[in-house]
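Structural overview for review
Below, each chain spelled out in residue letters.
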Amino acid sequence: MITLNNRVKLNKTKIRVGRGIGSGKGKTSGRGVKGQKSRSGVAIKSFEGGQMPLYRRLPKRGFNPIGNKNIAILNLDKIQLYIDKKNIKASDTINTSLLKKLKLINKNSVKLKILGSGEIKDKINIEADLASKSAVEKLEKVGGSIQIKK
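Our focus in this paragraph is the side chain of T96. Within the element layout of this structure, T96 appears in helix α3 (residues 96-101). Take T96: its relative accessible area is 9%, and that puts it in the buried class. T96 has contacts with I105, L112, E127, D129 and K149, leaving out every residue within four places of it along the chain.

This is how it looks when you write it as structure tokens:
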């Protein structure tokens, strides 16, 4: 049980600097002697005395993930839309090079991933690097096929 005279002190008093020798923080107020750091209004956060600071020595990386492979994502409903619009023929094999040639995916994309959102009506053959389980199931249900490149 905490009584009044031995309770934890909640409001600690602020040290008043520059109030005489006896206080221990008199004269220069614990700032040493002269120089930039003894003055007020000084913030030298990453200054290294003229040496090139660490943050400027390191390369910029920002929001460009290093291991980022450009993977083009294509949903089944999008493929069906392209077939309906007659951009793609249902008879030919859908692969990265065909889609790049028709400008349906970005020319910088390295891999192609097929996702299973939406429905597919036509029987098609796809050649892709990656595919979701739902996409594979839906394609096989319609009678189409998907080859996954290793």
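The discussion continues.
Looking now at helix α4 (residues 133-142). Every buried residue belonging to α4 is among A135, V136, K138 and L139, and all of these are buried. An end-on view of α4 places all buried positions within 165° of arc, on one side of the element. With respect to the buried face of α4, the exposed residues turned more than 90 degrees away are K133, E137, E140 and K141. Considering only its buried residues, α4 is in contact with α2 (76-84), β2 (111-115), β3 (125-128), β4 (130-131) and β5 (145-148). Of the residues one or two after α4, G143 is the one with positive phi, at around 110°.

Below, the discussion takes up unusual backbone geometry. Positive phi values are uncommon outside glycine, yet S29 reaches one of about 60°. Structurally, S29 can be placed in the segment before α1 (54-57). Unlike most non-glycine residues, K86 shows phi in positive territory, near 65°. If you trace the backbone, K86 turns up in the loop between α2 and α3.

So, how was this worked out
- Residues numbered from 1 in each chain as written.
- Predicted model: local features only at pLDDT ≥ 70, side-chain atom pairs only at ≥ 80, totals over all residues.
- Heavy atoms only, no water.
- Helix = DSSP H or I, 4+ residues; strand = E, 2+ residues; numbered from the N terminus.
- Buried < 20%, exposed > 50% of the residue type's maximum accessible area, 1.4 Å probe, protein only.
- Contact = heavy atoms within 4.5 Å.
- Arc of directions from axis to C-beta.

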